[in-house]
Number of protein chains: 2
Amino acid sequence: MATASIITIGDELLIGQTIDTNSAWMAQQLNKIGVWVKRRVAVGDVWDEIWTALDEESNHSQIILITGGLGPTADDITKPLLCDYFGGKMIVSDAALQNVKDIFTKLNRPIIERNLKQAEVPDVCTVLNNRRGTAPGMWFNKDGKIYVSMPGVPNEMKGIMLDYVLPQLPALFNLPIVYHQTLLTAGQGESFLAEMIKDFEEALPGYIKLAYLPNYGMVRLRLTGRGADKVAIAKEVNEKFLILKLLVKEYMVTDTDEPMELIIGKILRDHNKTMGTAESCTGGAIASLITSIPGSSNYFKGSIVSYANDVKENLLLVSADTLKTTGAVSEETVTQMVKGAINNLGVDYAVATSGILGPGGGTPEKPVGMVWVAVGNKEKTVTQKFQWRFDRQRNTDLTVQNALNMLRKFILLEQ
Amino acid sequence: MATASIITIGDELLIGQTIDTNSAWMAQQLNKIGVWVKRRVAVGDVWDEIWTALDEESNHSQIILITGGLGPTADDITKPLLCDYFGGKMIVSDAALQNVKDIFTKLNRPIIERNLKQAEVPDVCTVLNNRRGTAPGMWFNKDGKIYVSMPGVPNEMKGIMLDYVLPQLPALFNLPIVYHQTLLTAGQGESFLAEMIKDFEEALPGYIKLAYLPNYGMVRLRLTGRGADKVAIAKEVNEKFLILKLLVKEYMVTDTDEPMELIIGKILRDHNKTMGTAESCTGGAIASLITSIPGSSNYFKGSIVSYANDVKENLLLVSADTLKTTGAVSEETVTQMVKGAINNLGVDYAVATSGILGPGGGTPEKPVGMVWVAVGNKEKTVTQKFQWRFDRQRNTDLTVQNALNMLRKFILLEQ
């Protein structure tokens, strides 16, 4: 099997100022074409450490992908290092120079010396054009291994991966077929599910693996098969997947590897229905997630984020009496919020949230982490109380995901 | 200087199913106490690869922190491996067992065999209690190096780091003082700023470093000083920071290392003012970001997310005529949205967005990436047109950050 190491370069990763999202995307893409990412390594902007990482990773993997360290400012040492490492000398790449000039012309900004230096590359590499930025990608071959250096800016790296790296690797390696099937469950923990499907898991052949991927109080189960024959491996994984679906039927949310916001969107689109949200504690996070899907304007009309009680009264028509007697965090309030959203946004379905996500604001009766969620249409409302025990961000994420799951179930039952 | 390596274990990192946020948090915390994270490595759930990573990282660093691989399902091999690696045998930890039982009692769930196994630990480690989960932390010493194994669940790892690792390291190493000062600029690129402060940067002593951290079209500049004497290094970094602030004065947004949503919150709180949002293309992302700050209910009242035009008309009182003649993505529409939000949410300030974030929906007159933003109060509105060139997510983030920066400037000018 072809193996890859991803080396990310930059002090910002080692002091925690930047979260590395590049590696996850690269790993996903490589996995799809049958390249196994064996290791991911992050090192600082330090000559010896980058050099050592190149040495070590070339012992581990056949493909070494490097991101970062190519910006125009002084702390970048990656390019001269690569030049030394592969025994070349720096020259100006005409293609890269033209790219720099084109970009600055388009931006209508003056070019300075630093920008021109971006067009310099070691003469022992193949230059990979960067459609989205001034730093070119560089492809090196050494001792039968492949090294590709790319900028750390996510969309520039993605462009070079999609334009050059991913299309060229399959021809250079005899890549196996990798085939996944994933389903999502809700309502039971990892241990319980593992116990439930123990016999199934033990009977799997060595080339099909089962993984448990817990998140937001839900668990994804993924079957991964590897083999030489695309049709055969897909057939076998699909057969096992059918059995797995029957085994966990009762807890299964969906049998696709798609996020909840996309699943909801598809259901609404299929039934030609619209939705909106009335959010107190989630503060717009549900609306924001729903609208992260392109084309969501086909089924999402809007949201009333009612952090303040007078917004709940004025725009969602929650009664002042309810707010006074049961409080904003109550079944009655979220029920009225759903009705208000359906009427004022003119939607078929609405979801409403109200709770205390922390860290402060709890009382003995309504502790931090307590959240009421309601979903409904014109005729009917379903409510549920949750009690989360995490930090503000995670409590928010859990509320969003579980509220969307409630909405999904409600819509499917009503259809 | 004390150096650390962070090893994250789990196939989910290598197929890109999970983004590693743990390492960034750990690096931040370690950096604060003067431990330099030299390398971050991710490996799969593979015996040899974990073993090799332990060997290699103990050559690189004095402190090796390991997360992941401790869950209750079958693909976890980390604990037996650690037992072998450090030459111990597995025993049941009474403290860990009690913790498992307490957690299941609290959750009111039956304990199964798999859960009890979580209380088994190598007899050569010190058990670190996990307040938030069933898998205990484990502290090993070998050949003068420190190894700590923690669960991969973020809040469980954080609990063990805060309770044990971070308090205990300073006593074991002679840690240097690390002192940072950071400022945020907007309106100029990295290259331009670097040119502007070139002389300043070249004159910095070796123990004070300047870093450029670009994000969302803004650039953070960070000075980092290292030394033995806390007072002396802070004094010197502060003096340099004062000069730096003067040099980039014209582009400086803030001289603190705080996110925009926190800066806005502080300004509103200081002036005892409230805000709300009227969001079309950003779909609630501004509201969601503002409310991610605990206590934001003191100044944030709510939002009207008007994805559909009839919501713009009904809840934000945008005139049907405007929507017909200039369209939803126009200066007139966002100006009216600000007015509508101020009136209907009852707030002092509002921000409004309307645009085409992509990938589809563009026209020759209004191409993908075109966004109008307005900020204002009862008396006055300021508008700006942006033209982004990235993907949907990045176009959204850029709109959110720049809209908040417009609001920040507006509020400060009005006070």
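Residues numbered from 1 in each chain as written. Chains lettered and ligands numbered in written order. Predicted model: local features only at pLDDT ≥ 70, side-chain atom pairs only at ≥ 80, totals over all residues. Heavy atoms only, no water.

Undergrad: Can you tell me about helix 2 (residues 22-32) of chain B, naming the residues and giving the values?
TA: Residue and element names in this part refer to chain B. Of all the 11 residues making up helix 2, nine are buried; the element is thus mostly covered by neighbouring parts of the structure. Among the residues making up helix 2, those that are buried are Asn-22, Ser-23, Ala-24, Trp-25, Met-26, Ala-27, Gln-29, Leu-30 and Asn-31. Gly-34, located one to two residues past helix 2, shows a positive phi value of around 90 degrees. (Buried < 20%, exposed > 50% of the residue type's maximum accessible area, 1.4 Å probe, protein only. Helix = DSSP H or I, 4+ residues; strand = E, 2+ residues; numbered from the N terminus.)

Undergrad: Explain the pairing of strand 16 (residues 370-376) of chain B residue by residue, including any values.
TA: Residue and element names in this part refer to chain B. When you tally the buried positions in strand 16, you get seven out of seven residues, the bulk of the element. Of the two faces of strand 16, the one carrying Met-370, Trp-372, Ala-374 and Gly-376 and the one carrying Val-371, Val-373 and Val-375 are both buried. Here strand 15 (residues 349-355) pairs with strand 16 via six bridges, running antiparallel. Residue pairing for strand 16: Thr-353 is matched across the bridge by Val-373. As paired elements, strand 16 and strand 17 (residues 381-387) share seven bridges and run antiparallel to each other. Across the sheet, residue Trp-372 finds its bridge partner in strand 17, namely Lys-385. (Pairing = 2+ DSSP bridges.)

Undergrad: Quick rundown of the pattern of salt bridges? Include the residues and the values.
TA: All names here are of chain A. Evaluation of the coordinates by the stated rule reveals 26 salt bridges over all chains. A salt bridge links Asp-20 to Arg-40, with the shortest nitrogen-to-oxygen separation between them at 3.7 Å. Within this pair, whereas Asp-20 is found in the loop between helix 1 (11-14) and helix 2 (22-32), its partner Arg-40 is found in strand 2 (residues 36-43), the two being separated by 20 residues in sequence. In this structure Asp-20 comes out as buried when scored by relative accessible area, which is 8%. (Salt bridge = Lys/Arg side-chain N within 4 Å of Asp/Glu carboxyl O.)

Undergrad: Lay out the sheet that holds strand 15 (residues 349-355) of chain A in plain terms, naming residues and giving numbers.
TA: In space, the 10 strands of this open sheet follow the order 17(A)-16(A)-15(A)-13(A)-14(A)-14(B)-13(B)-15(B)-16(B)-17(B), with mixed pairing throughout. Edge positions in the open sheet fall to strand 17 (381-387) of chain A together with strand 17 of chain B, since each of these has one partner strand only. The average angle at which neighbouring strand axes cross in this sheet is 10 degrees, direction not considered. (Axes fitted to C-alpha atoms, helices over the stretch in contact; angles between N-to-C directions.)

Undergrad: I'd love a proper account of the interface of chain A and chain B, names of residues and values included.
TA: Contacts between the two partners involve 85 residues from chain A and, on the opposite side, 86 residues from chain B. Interface of chain A and chain B: buried area, both sides summed, is about 6800 Å²; carbon and sulfur atoms make up 55% of it. Taken together, the connections running from chain A to chain B amount to six salt bridges. Ionic pairing is found between Arg-114 of chain A and Glu-195 of chain B, a salt bridge with its closest N-O pair at 2.9 Å. Scanning the region where chain A abuts chain B turns up 28 residue pairs in polar contact (both at pLDDT 80 or more). With eight residues, the top contributor of residues to the side of chain A that touches chain B is strand 2 of chain A. Here the residues of the side of chain A that touches chain B sort into 34 nonpolar, 27 polar and 24 charged. By the bridge criterion, five bridges tie strand 2 of chain A to strand 2 (residues 36-43) of chain B in an arrangement that is antiparallel. Directly across from Ala-42 of chain A, in strand 2 of chain B, lies its bridge partner Arg-40 of chain B. (Contact = heavy atoms within 4.5 Å. Buried area = accessible area lost by both parts, 1.4 Å probe. Polar contact = N/O pair within 3.5 Å; in protein donor to acceptor, adjacent residues only side chain to side chain. Nonpolar A, V, L, I, M, F, W, Y, C, P; charged D, E, K, R; others polar.)

Undergrad: Please set out the domain arrangement of chain A residue by residue, giving values where relevant.
TA: Residue and element names in this part refer to chain A. Assigned domains of chain A: these are domain 1 (3-172), domain 2 (177-254) and domain 3 (260-414). The distance between the C-alpha centroids of domain 2 and domain 3 comes to 32 Å. With eight residues of domain 2 at the interface, the matching set in domain 3 holds nine residues. Between domain 2 and domain 3, the buried area comes to about 700 Å², and carbon and sulfur atoms account for 64% of it. When the area that domain 2 buries against domain 3 is broken down by residue, the three leading residues are Tyr-216, Met-218 and Val-253, summing to 75%. Applying the counting rule to domain 2 against domain 3 returns zero salt bridges. Remark: the boundary between domain 2 and domain 3 carries one residue pair in polar contact (both at pLDDT 80 or more). Secondary structure elements with two or more residues in the side of domain 2 that touches domain 3: strand 9 (177-186) and strand 12 (252-254). Residues that form the side of domain 2 that touches domain 3 fall into these classes: five nonpolar, three polar and no charged. (Domains from an automatic or database assignment.)

Undergrad: Requested: an account of the sheet that holds strand 9 of chain A, with residues and values cited.
TA: Residue and element names in this part refer to chain A. Read from one edge to the other, the open sheet built from four strands follows the order 10-11-9-12, with strand pairing classed as antiparallel. Each edge of the open sheet carries a strand with a single partner, namely strand 10 (208-215) and strand 12. Neighbour-to-neighbour, the strand axes of the sheet open up by a mean angle of 30 degrees, direction not taken into account. In this sheet, strand 11 (residues 218-227) lies alongside strand 9 in antiparallel orientation, the contact comprising 10 bridges. Looking at strand 11, one finds that Thr-185 is bridged to Val-219.

Undergrad: Account for unusual backbone geometry, with residues named and values stated.
TA: The linkage connecting Gly-358 of chain A with the following residue, Pro-359 of chain A, adopts the cis geometry, with an omega of 0 degrees. In this model, Asp-143 of chain B sits at a positive phi of 50 degrees, which is unusual for a non-glycine residue. Positionally, Asp-143 of chain B belongs in the loop between strand 7 (137-142) and strand 8 (145-150). According to the relative accessible area criterion, Asp-143 of chain B is exposed, its value standing at 71%.

Undergrad: Describe the environment of Ile-33 of chain B, listing the residues and the values that go with them.
TA: The residue Ile-33 of chain B is located in the loop between helix 2 and strand 2 in this model. Assessed through its relative accessible area of 23%, Ile-33 of chain B is described here as partly exposed.

Undergrad: Tell me about the packing of helix 13 (residues 309-316) of chain B against helix 15 (residues 331-345) of chain B, and name the residues and values.
TA: Residue and element names in this part refer to chain B. Orientation of helix 13 relative to helix 15, taken along the N-to-C sense of each, is 45 degrees, at an axis distance of 9 Å. On the basis of the axis angle, helix 13 is oblique to helix 15. Residues Lys-312, Leu-315 and Leu-316 of helix 13 lie in contact with helix 15, whose contacting residues are Thr-333, Gln-336, Met-337, Gly-340, Ala-341 and Asn-344. Its residues assigned to classes, the contact of helix 13 with helix 15 shows four nonpolar, four polar and one charged. (Parallel < 35°, antiparallel > 145°, perpendicular 65-115°, else oblique.)

Undergrad: Describe in detail the packing of aromatic side chains, supporting the description with residues and values.
TA: The full count for this structure, using the stated rule, is 20 aromatic pairs over all chains. For the pair Trp-51 of chain B and Tyr-85 of chain B, a centre-to-centre distance of 4.8 Å together with 70 degrees between the ring planes defines the contact as edge-to-face. Residue Trp-51 of chain B is found in helix 3 (residues 47-60), and its partner Tyr-85 of chain B is found in helix 4 (residues 78-85); the two are separated by 34 residues along the sequence. Classification of Trp-51 of chain B by relative accessible area gives partly exposed; the value is 27%. Through successive ring pairs, a cluster of aromatic residues spans Trp-47, Trp-51, Tyr-85, Phe-86, Phe-140 and Tyr-147 of chain A. If you follow Lys-142 of chain A out to its NZ or CZ, it ends over the ring of Tyr-85 of chain A, 4.5 Å from the centre. (Phe/Tyr/Trp six-rings, centres within 6.5 Å; stacked < 30°, edge-to-face > 60°. Lys NZ or Arg CZ within 6 Å of the ring centre and 35° of its normal.)

Undergrad: Can you explain the relation of the copies chain A and chain B? Please cite residues and give values.
TA: By a simple turn and slide, chain A fits onto chain B: the slide is 0.0 Å along the axis, the RMSD is 0.1 Å, and the turn is 180 degrees. One copy is carried onto the other by what is essentially a two-fold rotation axis. Comparing interface residues between copies, 99% of those in chain A also lie at the interface in chain B; the contact surface is shared. (Least-squares fit on C-alpha atoms with pLDDT ≥ 70 in both.)

Undergrad: Would you mind going over the packing of helix 3 (residues 47-60) of chain A against helix 3 of chain B in detail, with residue names and values included?
TA: Contact geometry of helix 3 of chain A with helix 3 of chain B gives a least axis separation of 13 Å together with a crossing angle of 165 degrees. For the element pair helix 3 of chain A / helix 3 of chain B, the angle class is roughly antiparallel. As for how helix 3 of chain A packs across helix 3 of chain B, the hand of that crossing is right-handed. Contacts between helix 3 of chain A and helix 3 of chain B pair Thr-52, Glu-56 and His-60 of chain A from the former with Thr-52, Glu-56 and His-60 of chain B from the latter. (Left-handed = near helix turned anticlockwise from the far one by under 90°.)

Undergrad: Mind laying out a nonpolar patch on the surface, listing which residues take part and the relevant values?
TA: Residues Leu-242, Ile-243 and Leu-247 of chain A make up a contiguous nonpolar surface patch of roughly 260 Å² in combined accessible area. The topology assignment puts Leu-247 of chain A in helix 10 (residues 230-247). (Patch = residues over 30% accessible without salt bridge, like charges linked within 9 Å, V, L, I, M, F, W, Y side chains within 5 Å. Areas by Shrake-Rupley, 256 points an atom, 1.4 Å probe, with all protein chains shown as cover.)

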